[in-house]
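Tertiary structure, described
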Amino acid sequence: MKPRIYVTRKLPNQIVERLSESCEVRMWEEDDKPVPREVLEEEIKEVDGLYCLLTEQIDASLLEGADKLKVIANMAVGYNNIDIDAAKRLGITVTNTPGVLTETTADLTFSLLMATARRIPEASEYLRDGDWKTWSPMQLTGQDIHGATLGIIGLGRIGEAVAKRAKGFDMKILYHNRSRNREAEERLELHYTELNTLLRECDFVCVLTPFTSETNNMIGKEQLDLMKESAVIINTARGGIINEKALYGALKEKSIWAAGLDVFEEEPISLDHPLLTLPNLVTLPHIGSASIATRMKMADLAATNLLDVLLGEEPPNRVV
Ligand code: GLV
C-alpha cells in the first residue's frame, strides 16, 4: 500500500504528479488561504508524511495526534514554524529546503536595500500621484549604496551571498554571527565585530539570522538607538528579530533613516498596523525566495526530502 501524505497548499502540477507516483496524496486545494487548523488536525492523524509551508504552525499538540506521521517536509529554509523538540521526541523527521533559495533571497535582500535607500516605491508613487511638477535639487534624495558600510547580522549562506553583491558596490562589510568564519572573512574581505559595534558603524544593516529564542527581539530600542541617523535596516529573515514597536519608534522619531521589511511578527501584517503609516518604511509580502525557478526548486526539494524518508532513504536536508 502506498504511504499517505497531506500537502497543506496547492502545489504546481508536476510536483503533485511526482508525489502521486509513490504516495496517496491529499491536498488543501486553495491557493490563497492556509489550511484551517481543524482540517489539519484531522488530516494529520491519517498520514505518514506532511508537506507543509511556513504558514502552518506545527506544534506539539498537533504532532501528538499524528500517530502514523514519519516526516514533515517544510517548503522553506526556515523551520521556526515547527516544534522541533516535539518532533524529535516523537521520532518524526523534519526537513527543510536550504541552498536552492540562497541566491534568489540575496537578490531580493539587495533589491530591498536599494529600493529603501533610493526611495524607489515612494518615487514611483510620487509620479503616479501627479506630484512630479519639475526636477529639483533635493527632490526624493536618498542614501548612497556604493562605498557605504554594510553590516550583516547572521553570516549563513544568504549572508555570504549578500556580501558578494555588496563587494560589487565597493561596500565595506562588517558581520556579526554566533561564531566567526575566518575562511569567509578572508575570501570576501569581511570584518567580524560585536553586534553593538556593527550597529554603531554601519550605514546599512541586513538581518539574516534564523529566528530562534536567542534572536527573538535581538534588535530592540537599545540596539536601534546605537544606529546612525542616516542608517537603513533591512530584514528578510523573520519578523520578531527586530522588535516592531521599537522599529516604529525609531522610524517615526527619525533616529534611523529608513527600514525595508520583507517579514513581520504577524503575517500577513494587519493593514491598520502603525508601521504601514510610515513613509520611511518599504514593505514586501515575504517574497525573499519568490522567483519562479527557485520556488519550483524548493517545491521539488521538499518533495525529494519527503519521498526519501518515506522510502527509507536518508533525505538531503534533515533538520532532525
Ligand atoms: C522563507 O522565508 C524560507 O524560510 O524559506
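Residues numbered from 1 in each chain as written. Predicted model: local features only at pLDDT ≥ 70, side-chain atom pairs only at ≥ 80, totals over all residues. Heavy atoms only, no water.

All right, on to the packing of helix H5 (residues 102-117) against helix H7 (residues 157-168) then. Relative orientation of the contacting elements H5 and H7 amounts to 55°, with a least axis distance of 8 Å. Judged on the interaxial angle alone, H7 and H5 are oblique. The handedness of the crossing between H5 and H7 is right-handed. For the pair H5 and H7, the contacting residues are Thr102, Glu103, Thr105, Ala106, Asp107, Thr109 and Phe110 in the first and Arg157, Ile158, Ala161, Val162, Lys164, Arg165 and Ala166 in the second. For the contact of H5 with H7, the per-class residue count stands at six nonpolar, three polar and five charged. (Axes fitted to C-alpha atoms, helices over the stretch in contact; angles between N-to-C directions. Helix = DSSP H or I, 4+ residues; strand = E, 2+ residues; numbered from the N terminus. Parallel < 35°, antiparallel > 145°, perpendicular 65-115°, else oblique. Left-handed = near helix turned anticlockwise from the far one by under 90°. Contact = heavy atoms within 4.5 Å. Nonpolar A, V, L, I, M, F, W, Y, C, P; charged D, E, K, R; others polar.)

In the vicinity of the ligand, the residues found are Leu54, Ala76, Val77, Gly78, Leu101, Arg238, His286 and Met298. Between Val77 and the ligand, the recorded distance is 2.8 Å, taken from a backbone N or O atom to an oxygen atom. In this structure, Arg238 approaches the ligand through a side-chain N or O atom, which is 2.7 Å from an oxygen atom. Tallied by class, the residues present in the shell around the ligand amount to five nonpolar, two polar and one charged. (Near = heavy atom within 4 Å. Polar contact = N/O pair within 3.5 Å; in protein donor to acceptor, adjacent residues only side chain to side chain.)

On inspection of all chains with the given rule, the structure shows 22 salt bridges. The salt bridge involving Arg119 is made with Glu122; its shortest N-O contact spans 2.8 Å. Note that Asp225 is salt-bridged to Lys221, the shortest N-O span being 2.8 Å. Its relative accessible area of 44% is what places Asp225 among the partly exposed residues. Shared partners join several salt bridges into a network, and the residues in it are Glu103, Asp107, Lys164 and Arg165. (Salt bridge = Lys/Arg side-chain N within 4 Å of Asp/Glu carboxyl O. Buried < 20%, exposed > 50% of the residue type's maximum accessible area, 1.4 Å probe, protein only.)

Backbone torsion omega between Glu267 and Pro268 reads -5°, so that peptide bond is classified as cis. Take Pro268: it is sitting in the loop between strand S11 (258-261) and strand S12 (281-283). You will see that Asp170, though not glycine, has its phi angle at about 55°, which is positive. Tracing the backbone shows Asp170 in the loop between H7 and strand S7 (172-176). Given a relative accessible area of 63%, Asp170 falls into the exposed group. For His286, which is not glycine, the phi torsion reads 50° and is therefore positive. Within the secondary structure layout, His286 lies in the loop between S12 and helix H12 (292-310).

A word on the packing of aromatic side chains. For the coordinates displayed, the defined rule picks out two aromatic pairs. Ring geometry for Phe110 against Phe169: centres 5.1 Å apart, planes inclined by 45°, an arrangement best described as tilted. One end of the pair, Phe110, is in helix H5; the other, Phe169, is in the loop between H7 and S7, with 59 residues separating them in the sequence. Residue classification places Phe110 among the buried residues on the basis of a relative accessible area of 5%. Taking relative accessible area as the criterion, Phe169 reaches 28% and is therefore assigned partly exposed. Measuring from ring centre to ring centre gives 5.3 Å for Tyr175 and Tyr192, while their planes differ by 70°; the resulting arrangement is edge-to-face. Of this pair, Tyr175 sits in strand S7 while Tyr192 sits in strand S8 (residues 190-192); the two residues are 17 residues apart in sequence, bridging distant segments of the chain. (Phe/Tyr/Trp six-rings, centres within 6.5 Å; stacked < 30°, edge-to-face > 60°.)

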